[in-house]
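Each chain, letter by letter, is given below.
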Amino acid sequence: MDALLGLLASLFSRLDLVAAIEIIIVALLIYGLLSLLQGTRALVLMRGAIILIVSLLIIVNIWPFQVLRFLVINSLPAILVAIPVVFAPEIRRALEQIGHTSDWFNRPLTQRTEDAIRIMISEVVKTCYTLSSQQWGGLFVIERGTGLQDVITKSRGILVEGRVSEQLLVNIFVPNTPLHDGAVIIRGDQIIAAAAILPLTDNTSIQQHYGTRHRAALGISENSDAVAIVISEETGSVSVAVSGKLYSNLKREDLTDMLIALLVATRGQSNKRRIRRVSTSTLASLTHFFPKELTGKNKPEAAPNTPNGSQSKVSSKTTEKSG
Ligand SMILES: Nc1ncnc2c1ncn2[C@@H]1O[C@H](COP(=O)(O)OP(=O)(O)OP(=O)(O)O)[C@@H](O)[C@H]1O
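Residues numbered from 1 in each chain as written. Predicted model: local features only at pLDDT ≥ 70, side-chain atom pairs only at ≥ 80, totals over all residues. Heavy atoms only, no water.

An unreviewed UniProt entry lists the chain under the name Diadenylate cyclase, with Candidatus Chlorohelix allophototropha as the source organism. Taken directly from UniProt, the Function (unreviewed entry) text for the chain runs: "Catalyzes the condensation of 2 ATP molecules into cyclic di-AMP (c-di-AMP), a second messenger used to regulate differing processes in different bacteria." One UniProt comment on the chain, placed under Sequence similarities (unreviewed entry), says "Belongs to the adenylate cyclase family. DacA/CdaA subfamily." (UniProt positions renumbered as here; feature names shortened; annotations may be inferred.)

A. Spatial organisation of the site of the ligand. Around the ligand, 15 residues are found, and the nearest of them are Asp-181, Thr-212, His-214, Ser-232 and Glu-233. Contact distances for the ligand include 3.1 Å between an oxygen atom and a backbone N or O atom of Gly-182. Compared with its free state, where it exposes 640 Å², the ligand has 79% of that area covered by protein. Among the elements that make up the shell around the ligand, the one with the highest residue count is helix H9 (residues 212–223) (four residues). (Near = heavy atom within 4 Å. Polar contact = N/O pair within 3.5 Å; in protein donor to acceptor, adjacent residues only side chain to side chain. Areas by Shrake-Rupley, 256 points an atom, 1.4 Å probe, with all protein chains shown as cover. Helix = DSSP H or I, 4+ residues; strand = E, 2+ residues; numbered from the N terminus.)

B. Region of interest: the pattern of salt bridges. Tallying each qualifying case throughout the model produces five salt bridges. We note a salt bridge from Glu-233 to Arg-213, for which the minimum N-O separation is 3.2 Å. A residue pair is termed long-range when its members are at least 10 positions apart, and Glu-233 in the loop between strand S5 (227–231) and strand S6 (238–242) and Arg-213 in helix H9 qualify at 20 residues. You can call Arg-213 partly exposed: its relative accessible area is 23%. (Salt bridge = Lys/Arg side-chain N within 4 Å of Asp/Glu carboxyl O. Buried < 20%, exposed > 50% of the residue type's maximum accessible area, 1.4 Å probe, protein only.)

C. Examining the UniProt feature "transmembrane region" (unreviewed entry) in the chain more closely. UniProt's feature table lists "transmembrane region" (unreviewed entry) at residues 17–37, 44–64 and 70–88, given in the numbering used throughout. From the first C-alpha to the last, residues 44–64 spans 31 Å; its make-up is 90% helix and 0% strand. In residues 70–88, helix accounts for 95% and strand for 0%; the two terminal C-alpha atoms are 29 Å from one another.

D. View of the sheet that holds strand S2 (residues 158–163). Pairing is mixed in the open sheet, where seven strands are placed in the order S2-S4-S3-S1-S5-S6-S7. Both edges of this open sheet fall to S2 and strand S7 (245–247), since each of them pairs with a single strand only. The sheet shows a mean angle of 20° between the axes of neighbouring strands, taken without regard to direction. In terms of strand pairing, strand S1 (residues 138–142) meets strand S3 (residues 183–187) through three bridges, oriented parallel. Bridge assignment links Val-141 to a residue of S3, and that residue is Ile-185. Each of S1, S3, S5 and S6 touches helix H6 (residues 111–134); the most contacted strand, S1, lies at about 165° to it. Sitting on the sheet, H9 touches S1, S5, S6 and S7, and the angle it makes with S5 is about 175°. (Pairing = 2+ DSSP bridges. Axes fitted to C-alpha atoms, helices over the stretch in contact; angles between N-to-C directions. Contact = heavy atoms within 4.5 Å.)

E. Main features of the nonpolar core. If you look at the biggest cluster of nonpolar residues, it comprises 33 residues, and the most contacted ones within it are Val-124, Phe-140, Ile-229, Leu-255 and Leu-259. If one sorts the elements of this core by residue count, H6 sits on top with eight residues. Among residues more than four places away in sequence, those in contact with Leu-259 are Ile-121, Val-124, Val-125, Ile-142, Val-227, Ile-229 and Val-264. One finds Ile-206, Ile-220, Ala-226 and Val-230 within the second-largest nonpolar core, a separate group that totals 22 residues. (Core = buried A, V, L, I, M, F, W, Y, C linked by side-chain atoms within 4.5 Å.)

F. Structural context of the pairing of S6. Where burial is concerned, most of S6 is hidden: five out of the five residues are buried. In S6, alternate side chains face the same way, and those of Val-238, Val-240 and Val-242 on one face and Ser-239 and Ala-241 on the other are all buried. Bridging between S5 and S6 involves four bridges; their strand directions are antiparallel. Considered in S6, the bridge of Ile-231 is made with Val-238. Once S5 ends, the chain turns through six residues before running back antiparallel as S6, passing Gly-236 with a positive phi of about 80°. Relative to S7, S6 is paired through three bridges, and the arrangement is antiparallel. In the sheet register, Ala-241 faces S7, and the bridge partner there is Leu-246.

See below:
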């Protein structure tokens, strides 16, 4: 005990202003990193890696396992090299968050732009349920902070450049027409491209019955801060993928509320707090918009309270855990 107190006293005696500032910076960096990783697969991976490394370090310090000790000590630098590879999507998203590449969603929200976004949301929502009633598949990606030009260019998507309207969107997804395969990309209130091929998620924990359309929606939401909306050809269900999570079987009102929360409400905040994408904590505070989460952290099956105090209906089907 005395030794511990002595150690603490010597530590505090060495604490000057520079060290205090450094401690605050390091704490902020760790806090920022954990906030970015919150609710993502990377956090689970990081937790697993920390548990493994700490357990091994404890074992080699307690018992005289020479070979194991050699392996553990020498593999630590290799882990540092592996971090950028394992966490590539998260690092990319963090850097994009700092860079904020898109113009449209970075501008302060004027009344005119807000009205335009609300009209775009209303047209997209109408389209989703028209496609759903016909059981025509559809995939929309709404760009936010991260520019999606490289996705369009790489996949040779067809440039459209037309104002978002239900008629135009439905027309694109009429089965067996030239543009119906792939995704429509929306920037602001404009359709900028159709038939874009998106990166597929490599998340192996999503339900087996989800095919490439849903995997593509998840993929783009993992690689950017875009919001992807999928209409299933098989079931007519409408789902949203955002920040690597898929929310399925959305009703019309849920979808509208969710899109307003993601595209309008957070921009309102961004004027004050310079937040340009929905952070995981914001998503958590919006759980009443998200009836059924299929990937990511398992949500309790109990219906969460809605803002007006009533209970929102939660599908009784099981939710699927991420790895
Ligand atoms: N990488 C991709 N990017 C964009 N769209 C894609 C991609 N891969 C597949 N698609 C679209 O998904 C369609 C195939 O859907 P598939 O049946 O595999 O998916 P699903 O998730 O089961 O959806 P559904 O419930 O509509 O059948 C393709 O015809 C194409 O339009």
